[in-house]
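As a plain string of letters, each chain reads:
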Amino acid sequence: MNHIIGAKSAIATPAVKWLLVDEESTGQRLDNFLMRHLKGVPKTHIYRIIRSGEVRINKGRASADTRVESGDEVRLPPVRISDKVAEKAERPAPGREFPLLFEDDSLLAIDKPAGVAVHGGSGVSFGVIEQLRQARPQAKLLELVHRLDRDTSGILLVAKKRSALRHLQDQFRERETGKTYLALVKGDWPTKLKVIDQPLLKFLLQGQDGSEGERRVRVTTPEDPDGMRSITLVNVSRRLPGATLLEVTIKTGRTHQIRVHLASQGHPIAGDDKYGDFEWNRQLQKPGRNPGLKRMFLHAWRLQFNHPVTAERVSLQTDLPPELKAYVDHASPSE
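Since the structure is predicted, the reported quantities are computational estimates derived from the model, not experimental observations.

## Some remarks on the overall build of the protein chain
- Summing up its helical and strand segments, the protein chain has eight helices and 18 strands in all.
- Burial status across the protein chain gives 43% buried among its 335 residues.
- The contacts in the protein chain between residues at least 6 apart in sequence include a share of 64% that link residues at least 24 apart.

## Here we look at the sheet that holds strand E4 (residues 60–61)
- Overall, antiparallel pairing links the four strands, which are arranged E2-E5-E3-E4 in an open sheet. With partners counted over all chains shown, the strands left at the sheet margins are strand E2 (17–20) and E4, one partner each.
- Where strand E3 (residues 56–57) and strand E5 (residues 73–76) come together, two bridges link them in antiparallel fashion. Pairing of Ile57 across the sheet is with Val74, part of E5.
- Helix H1 (residues 30–37) contacts E2, E3 and E5 of the sheet and is inclined by roughly 65° relative to E5.

## Description of the pattern of salt bridges
- Counted by the stated rule, this structure contains 18 salt bridges.
- Across the salt bridge formed by Asp197 and Arg229, the nearest N and O atoms sit 2.6 Å from each other. With Asp197 in strand E12 (residues 195–197) and Arg229 in the loop between strand E14 (212–219) and strand E15 (231–240), this pair connects stretches of sequence that are 32 residues apart.
- Exposure remark for Asp197: the relative accessible area of 37% places this residue in the partly exposed category.
- The partly exposed category is assigned to Arg229, whose relative accessible area is 48%.
- Put simply, Arg259 and Asp273 hold a salt bridge, and the shortest N to O gap is 3.8 Å. With Arg259 in helix H6 (residues 257–264) and Asp273 in the loop between H6 and helix H7 (278–285), the pair connects residues that are 14 residues apart, well separated along the chain.
- Assessed through its relative accessible area of 4%, Arg259 is described here as buried.
- Judged by its relative accessible area of 48%, Asp273 falls in the partly exposed class.
- Salt bridges sharing partners connect three or more residues here, namely Glu97, Glu103, Arg136 and Lys160.

## Details of H7
- Those residues of H7 that fall on the buried side of the exposure criterion are Trp280, Asn281 and Leu284. With its buried residues spanning 105° around the axis, H7 presents them on a single face.
- Tucked into the core, H7 has its buried residues touching strand E11 (178–186), strand E16 (243–250) and helix H8 (322–331).

## Describing the nonpolar core
- Grouped together as the largest cluster of nonpolar side chains are 28 residues, with contacts concentrated most on Ile258, Leu262 and Ile269.
- Of all the secondary structure elements, the ones that give two or more residues to this core are strand E8 (107–112), helix H4 (128–135), strand E10 (153–159), E11, E16, H6 and strand E17 (298–306).
- The contacts of Leu262, once residues within four sequence positions are left out, are Ala183, Val185, Trp189, Ile196, Val234, Leu246, Val248, His267, Pro268 and Ile269.
- Counting residues in each nonpolar core, the second largest holds 19 residues, with Leu34, Val41, Ile46 and Val55 among its members.

## Considering the pairing of strand E7 (residues 100–103)
- Pairing geometry for E7 and E8, over three bridges, is antiparallel. Each bridged residue has a counterpart across the sheet, and for Leu100 the counterpart in E8 is Ile110.
- Between E7 and E8, which pair antiparallel one after the other, the connecting turn spans three residues.

## Things to note about the packing of H1 against helix H2 (residues 43–51)
- Running from amino to carboxyl end, H1 crosses H2 at an angle of 125°, the nearest separation of the two axes being 10 Å. With respect to H2, the element H1 is oriented oblique. Viewed along their axes, H1 and H2 form a crossing whose handedness is right-handed. On the side of H1, the interface is formed by Leu30, Asp31, Leu34 and Met35, while H2 contributes Lys43, Ile46, Tyr47 and Ile50.
- Split into classes, the residues belonging to the contact of H1 with H2 amount to six nonpolar, no polar and two charged.

## Let's talk about the environment of Asp65
- Checked against the element boundaries, Asp65 lands in the loop between E4 and E5.
- Residue class for Asp65 comes out partly exposed when judged on its relative accessible area of 46%.
- Polar side-chain contacts of Asp65 include one of 2.7 Å to the side chain of Ser63.

What counts, and at which threshold
- Residues numbered from 1 in each chain as written.
- Predicted model: local features only at pLDDT ≥ 70, side-chain atom pairs only at ≥ 80, totals over all residues.
- Heavy atoms only, no water.
- Helix = DSSP H or I, 4+ residues; strand = E, 2+ residues; numbered from the N terminus.
- Buried < 20%, exposed > 50% of the residue type's maximum accessible area, 1.4 Å probe, protein only.
- Contact = heavy atoms within 4.5 Å.
- Pairing = 2+ DSSP bridges.
- Axes fitted to C-alpha atoms, helices over the stretch in contact; angles between N-to-C directions.
- Salt bridge = Lys/Arg side-chain N within 4 Å of Asp/Glu carboxyl O.
- Arc of directions from axis to C-beta.
- Core = buried A, V, L, I, M, F, W, Y, C linked by side-chain atoms within 4.5 Å.
- Parallel < 35°, antiparallel > 145°, perpendicular 65-115°, else oblique.
- Left-handed = near helix turned anticlockwise from the far one by under 90°.
- Nonpolar A, V, L, I, M, F, W, Y, C, P; charged D, E, K, R; others polar.
- Polar contact = N/O pair within 3.5 Å; in protein donor to acceptor, adjacent residues only side chain to side chain.

Shown next, in the form of structure tokens:
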């Protein structure tokens, strides 16, 4: 039996649903607005009903990138979801709080542990944002401002108001934030290599059955029309036997930017299972004089931004997690 969103009961005749846009949703893209209200409905179906004209704003057709405004009436057609999806929606993510670095009425900043996705999808049932929403049922809004890779630890911002979300995302887009990571790379990083300015290109690996596989990124040429300009600044923090600890500041926020840029220079990040040196990674995992490295050594260390309400500059920092600090301390040469 299918479940119908917007119907009065499971056996009721499918009905159109009207949503009134509140002030907090002002300025949100229509596709994102619908995804928030149509939990469990595949994105492909949401885009299909927008393209078909079944979704209307104030009785007029709209596109996926149309921005909704406070007071708008959004028409939703009857939308069916499968039993499997409905069952999943009824089993929400377990509520979880994360170490807080900052919080006020507009936003919060957490210290995300490695191994936890920021959101569900791509084989992951839930992530940080779903767990936070379950832990804080009274919160009117919790939305990711930006993203971190699943295996990256460190500072992650979450907006508590739509206005704060827009303001902060504008800062990320306009490169007004300061984002610095700590990364341990293979080999002796050249002191003079301080800027990597190479465009990046997303592509999909092919699965064994010929289907689309994992998403990957590679360096491309400036002439490539599909390449996205990407700038990474690098500073040596500490030299270790066979490795270098780097402070890496990104001026652009491309997918896997740090991992691909550093690997392209012949110095992959320790423990990187996509772009790293796999034999070196295996050696690092073996406990010897060092405790063994079981994860990728990439940590979102520092973040600076202008507060969305006061405009004051906020500077956050979180130390290396214990497992990374222990590895560096053991690997450091004796004084």
